[in-house]
Amino acid sequence: MKAINSVRLAFLSRSANEGFARVAVAAFASQLDPTVEEISEIKTAVSEAVTNCIVHGYGDTLGIITIRGRLYENGKLILSVQDRGRGIENIRRAMEPLFTTGDESERSGMGFTIMETFMDKVQVKSKPGIGTTVTFTKYIQSRQ
Amino acid sequence: MNIKFQENFNELEVLLSGEIDHHCARGISESIDFKIRRLCPSLLILDFGGVSFMDSSGLAVVMGRRKLMNSIDGSVELRHVCGAAKKVFEMAEISRYVTIKEDKI
Ligand SMILES: Nc1ncnc2c1ncn2[C@@H]1O[C@H](COP(=O)(O)OP(=O)(O)OP(=O)(O)O)[C@@H](O)[C@H]1O
Ligand SMILES: [Mg+2]
């Protein structure tokens, strides 16, 4: 199926852009007339993925984060969040609840669990030294 | 993000409003810790009534304050948790660690 609309967003991995990213994505998704709850789920998942790029992907360095969004006629929304940072050694382990390599006073290892709960599908592609791409699929229910 | 403090007897109440994410989490934690260290309250109340957005960074804010309160034999209570923040707290089973005061209907 062909996308009816698409966007690409690229921004520097500064934490001030976390709010910008989730609001921009929410505005894009709003074309599918989602509920308040669905919007909040999308915002939270995007915030988790973008924070991971900043904290784990780039760490003390700065890099570019790219978000791609596509909308389909049947209410399907596809979002991908990409960094060209450190990458993930063991993706399956990284996605386990409570697993974190971060500073324990600031991270709790719940990011992927939250993304998986709020999105219909979460797919992670990553290579150490190359970067990470997290892709979400979310079906926005029609309200007619 | 906006934080207001209310001190009553040996309770410290923190009224949070706005969005809690990684960008502001450290600042929130530091200002609450500063107050805890100065007042040594027996109960820390975190009021989420004005919070419009929260992600996993908010979990660490709560768990970190719980750790500090534990070290002074105090406890933590969450109030007015709703919407997206509520779901995030439920996923992390935060009620195993802190009291969540349910809203009256
Ligand atoms: N973009 C990324 N680049 C490199 N490593 C990542 C990336 N995203 C996730 N990871 C790895 O996966 C782990 C788990 O991520 P997850 O978001 O579930 O938890 P967290 O970020 O550690 O904590 P929380 O999200 O609860 O604050 C991270 O600790 C990190 O090791
Ligand atoms: Mg995370």
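My aim in this report is to walk through the structure given alongside it, one point at a time. (Residues numbered from 1 in each chain as written. Chains lettered and ligands numbered in written order. Predicted model: local features only at pLDDT ≥ 70, side-chain atom pairs only at ≥ 80, totals over all residues. Heavy atoms only, no water.)

Here we look at the packing of aromatic side chains
So, step 1. Inspection of every chain in the model, using the stated rule, returns two aromatic pairs over all chains.
So, step 2. Their ring planes at 85 degrees and their centres at 5.2 Å tell us that Phe-48 of chain B and Phe-89 of chain B sit as a pair that is edge-to-face. Note that Phe-48 of chain B is positioned in strand 3 (residues 43–54) and Phe-89 of chain B in helix 3 (residues 83–91), a separation of 41 residues in sequence. By the burial criterion, Phe-48 of chain B is buried, and Phe-89 of chain B matches it.
So, step 3. The ring of Phe-53 of chain B carries the charged tip of Arg-22 of chain A above its face, separated from the ring centre by 4.1 Å. (Phe/Tyr/Trp six-rings, centres within 6.5 Å; stacked < 30°, edge-to-face > 60°. Helix = DSSP H or I, 4+ residues; strand = E, 2+ residues; numbered from the N terminus. Buried < 20%, exposed > 50% of the residue type's maximum accessible area, 1.4 Å probe, protein only. Lys NZ or Arg CZ within 6 Å of the ring centre and 35° of its normal.)

A word on unusual backbone geometry
So, step 1. Its identity is not glycine, yet Asp-33 of chain A carries a phi of approximately 55 degrees, on the positive side.
So, step 2. With phi around 45 degrees, Cys-40 of chain B is a residue other than glycine that occupies positive phi space.
So, step 3. As for its position among the elements, Cys-40 of chain B is in the loop between helix 1 (22–39) and strand 3.
So, step 4. Looking at Cys-40 of chain B, the relative accessible area reads 49%, which means it is partly exposed.

Digging into the packing of helix 2 (residues 36–58) of chain A against helix 3 of chain B
So, step 1. Relative to each other, helix 2 of chain A and helix 3 of chain B sit at 55 degrees, their axes nearing to 10 Å. Classified by the interaxial angle, the pair formed by helix 2 of chain A and helix 3 of chain B is oblique. Between helix 2 of chain A and helix 3 of chain B lies a crossing whose hand is right-handed. Between helix 2 of chain A and helix 3 of chain B, the residues in contact are Glu-37, Ser-40, Glu-41 and Thr-44 of chain A and Ala-84, Lys-87 and Val-88 of chain B, respectively. (Axes fitted to C-alpha atoms, helices over the stretch in contact; angles between N-to-C directions. Parallel < 35°, antiparallel > 145°, perpendicular 65-115°, else oblique. Left-handed = near helix turned anticlockwise from the far one by under 90°. Contact = heavy atoms within 4.5 Å.)

Let's talk about the packing of helix 2 of chain A against helix 4 (residues 111–118) of chain A
Residues and elements named next belong to chain A.
So, step 1. Look at helix 2 against helix 4: their axes get within 9 Å of each other, and the N-to-C directions meet at 150 degrees. Judged by the angle between their axes, helix 2 and helix 4 are roughly antiparallel. The element helix 2 and its partner helix 4 pack so that their crossing is left-handed. For the pair helix 2 and helix 4, the contacting residues are Glu-41, Thr-44, Ala-45, Glu-48, Ala-49 and Asn-52 in the first and Gly-111, Phe-112, Ile-114, Met-115 and Phe-118 in the second.
So, step 2. Looking at the contact of helix 2 with helix 4 residue by residue, the class counts come to six nonpolar, three polar and two charged. (Nonpolar A, V, L, I, M, F, W, Y, C, P; charged D, E, K, R; others polar.)

What about the sheet that holds strand 5 (residues 99–101) of chain B?
Residue and element names in this part refer to chain B.
So, step 1. Within the open sheet, the five strands sit side by side as 1-2-3-4-5. Their pairing is mixed. Lying at the two open borders of the sheet, with one neighbouring strand each, are strand 1 (2–8) and strand 5. Each neighbouring strand pair of the sheet contributes to a mean axis angle of 20 degrees, computed without reference to strand direction.
So, step 2. With nine bridges connecting them, strand 2 (residues 11–20) and strand 3 associate as parallel partners. The residue bridging Glu-19 from the neighbouring strand is Phe-53, located in strand 3. (Pairing = 2+ DSSP bridges.)

Some words on the interface of chain A and chain B
Accessible area lost upon the coming together of the parts is a frequently used measure of interface size.
So, step 1. Counting residues at the interface gives 25 residues for chain A, matched by 17 residues for chain B.
So, step 2. For the pairing of chain A and chain B, the buried interface totals around 1700 Å² over both sides, and the portion due to carbon and sulfur atoms is 53%.
So, step 3. At the junction of chain A with chain B, the criterion picks out five salt bridges.
So, step 4. As a salt-bridge pair, Glu-19 of chain B and Arg-22 of chain A come within 2.8 Å of each other at their nearest N and O atoms.
So, step 5. Our count for the contact surface shared by chain A and chain B stands at twelve residue pairs in polar contact (both at pLDDT 80 or more).
So, step 6. Top element by residues in the side of chain A that touches chain B is helix 2 of chain A. It accounts for ten residues.
So, step 7. For the side of chain A that touches chain B, the class distribution of residues is six nonpolar, eleven polar and eight charged. (Buried area = accessible area lost by both parts, 1.4 Å probe. Salt bridge = Lys/Arg side-chain N within 4 Å of Asp/Glu carboxyl O. Polar contact = N/O pair within 3.5 Å; in protein donor to acceptor, adjacent residues only side chain to side chain.)

Details of the site of ligand 1
So, step 1. Around ligand 1 sit 21 residues in total, of which His-56, Thr-100, Thr-101, Arg-107 and Met-110 of chain A are the nearest.
So, step 2. Each of chains A and B places residues next to ligand 1.
So, step 3. The contact in question runs from a nitrogen atom of ligand 1 to an N or O atom on the side chain of Asp-83 of chain A, over 2.8 Å.
So, step 4. Isolated, ligand 1 exposes 600 Å² of accessible area, and the fraction of that covered by the protein chains is 96%.
So, step 5. Structurally, ligand 1 is housed in the second largest pocket.
So, step 6. Within the residue set of the shell around ligand 1, elements represented by two or more residues are helix 2 and helix 4 of chain A.
So, step 7. In terms of residue count, helix 2 of chain A provides more of the shell around ligand 1 than any other element does, five residues in total.
So, step 8. Class assignment for the residues of the shell around ligand 1 results in six nonpolar, twelve polar and three charged. (Near = heavy atom within 4 Å. Areas by Shrake-Rupley, 256 points an atom, 1.4 Å probe, with all protein chains shown as cover. 1 Å grid on protein atoms, 1.4 Å probe; cavity = no way out; pocket = protein on both sides within 12 Å on 5 of 7 lines; lining within 4 Å. Sits in = over half its atoms within 2 Å of the grid points.)

Scope: geometric values only; no functional claims are made or implied.
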